[in-house]
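Chain and residue survey
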Amino acid sequence: MNGPVLIIGGGPAGMALALALRRKGIESRIVDARPRGAAKADARILALSHGSKLILETLGVWRDIPHTPIETIHVSHAGGLGRTVMRAAEEDVPALGYVLAAGDLAAALDAALGEIPYTDNTPAPQHPDALLVVHAEGRIDDAPDLVTRDYGQHAVICEARGDRPHGRIAWERFTPAGPVALLPFHDGYAVVLTCPAADSARIATLDDAAFLALLQQRFGPRVRLTAVGARLVYPLGLRMRRQVTGEREVWIGNAAQTLHPVAGQGFNLALRDIAELADTLTGAADPGDPALLARYAARRRLDRLATVEFTGSLVRLFSNDIGPLRHLRGAGLLALDLCPPARSFLARRMMFGARAW
Ligand SMILES: Cc1cc2nc3c(=O)[nH]c(=O)nc-3n(C[C@H](O)[C@H](O)[C@H](O)COP(=O)(O)OP(=O)(O)OC[C@H]3O[C@@H](n4cnc5c(N)ncnc54)[C@H](O)[C@@H]3O)c2cc1C
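Since the model is a prediction, treat every value here as computed from it, not as a measurement. (Residues numbered from 1 in each chain as written. Predicted model: local features only at pLDDT ≥ 70, side-chain atom pairs only at ≥ 80, totals over all residues. Heavy atoms only, no water.)

It is worth spelling out helix α6 (residues 208-219) at this point. Taking 1.5 Å as the rise per residue, α6 with 12 residues should run 16 Å; its terminal C-alpha atoms sit 16 Å apart, in good agreement. For α6, the complete set of buried residues consists of F211, L212, L214, L215, Q216, R218 and F219. In this structure, the buried residues of α6 make contact with β11 (153-162), β12 (169-175), β13 (178-185), β14 (188-196), α5 (200-204) and β15 (225-228). (Helix = DSSP H or I, 4+ residues; strand = E, 2+ residues; numbered from the N terminus. Expected span 1.5 Å × (residues − 1). Buried < 20%, exposed > 50% of the residue type's maximum accessible area, 1.4 Å probe, protein only. Contact = heavy atoms within 4.5 Å.)

Here you go:
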């Protein structure tokens, strides 16, 4: 036996799992199809929750990742009244979340792997020699029980600068063409502009002045933007396995579910899965024991389904211009703002997942 746990995929999810298992005294090894370090070139900017920060601290990598705290989240929608503001101080946490570069996250995880065996430039073996195979190979292309939802949207991401300090405020604005997020990042913003799939190539290749004007028009006047950086496009949609365990197999990260990034939940959910999997396997003589895997799947079911549904509902409810829905969501945002317990419930849900309900 070549080590009890084989992790296929050395992206952020695979590396974080290897570190979580090592903390629990469980040996693992990673195999990845790409050259080692490829994930460090990931240009995405991620928002991670306070709960994710706590997990990354236990993995010993948090202090090595440059990050910008989010102290306030402002949620609004175009074309109507109603908005909600969540504040870290109300939740008794130093920050609701943190904004960081996916490449920096990958670099910190990679550096922490130390002696954990990592074989790169090698696709998944046909007949793995391990008690448990963890699939962390990202996007799911085929699975017998695959659930897919095409929202018809793409994300155009870039960095931007404002005319004043960001004040550690994250802005989420829902518009009929899709959500726009401005996340405080270093001394500017990380932008996620969601748009109809058919428009994304045109929008991403506008010159800076035209793109800036479009972004400002979509976001509205709450923040005045003065400059934008290079744009990248990501197709969006849901791809989810119904079953995340099989015979001596587990799927984690994007290989288990790829979410719309509307509320920045994808890697946050992956980290909660990883923490639970490492806890469940602790002390087990056989990490591929079906009873253990069933326990893991049962423990993660609620958070997983709730996060997928929460993300999908936000996209469906907010990405349209249907009159009655516009009034409903305005009323919802206002009600949330006027009801601290409901707001706190939502904030804690986003920080810690569905088990905190
Ligand atoms: C625009 C956008 C914004 C996002 N924003 C956020 C956010 O704010 N907050 C958040 O929490 N999440 C966010 N996400 C989600 C987040 O980026 C993903 O959850 C995360 O990158 C998934 O990591 P992973 O390791 O599962 O997959 P990947 O990063 O895809 O890694 C998979 C690895 O497996 C390897 N591999 C693939 N196939 C094989 C094979 N056959 N054999 C061996 N190796 C293989 C690949 O080389 C790769 O290294 C966002 C996503 C997008 C698209």
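Having seen the structure, we can now continue with the description.
This paragraph deals with the side chain of H135. Mapping H135 onto the fold places it in strand β9 (residues 132-135). Looking at H135, its side chain comes within polar contact range of the side chain of E137, at 3.0 Å. Leaving out residues up to four positions away in the same chain, H135 has contacts with I8, E249, V250, W251, I252 and A255. (Polar contact = N/O pair within 3.5 Å; in protein donor to acceptor, adjacent residues only side chain to side chain.)

Applying the stated criterion across every chain yields a total of 2 aromatic pairs. Ring geometry for W62 against Y98: centres 5.1 Å apart, planes inclined by 75°, an arrangement best described as edge-to-face. Taken together, the residues W62 in the loop between α2 (50-58) and β4 (68-70) and Y98 in strand β7 (residues 97-101) connect sequence positions 36 residues apart. Grouping residues by exposure puts W62 and Y98 together as buried. Judged by centre distance (6.1 Å) and plane angle (85°), the rings of W171 and F219 are edge-to-face. Pair noted here: W171 is in strand β12 and F219 is in helix α6, with a separation of 48 residues, a long-range link. A relative accessible area of 12% means that W171 is categorised as buried. Above the plane of the ring of Y118 lies R36, whose end atom (NZ or CZ) is 4.5 Å from the centre. (Phe/Tyr/Trp six-rings, centres within 6.5 Å; stacked < 30°, edge-to-face > 60°. Lys NZ or Arg CZ within 6 Å of the ring centre and 35° of its normal.)

Note that every value here comes from positions in space, so none of it alone points to a role or purpose.
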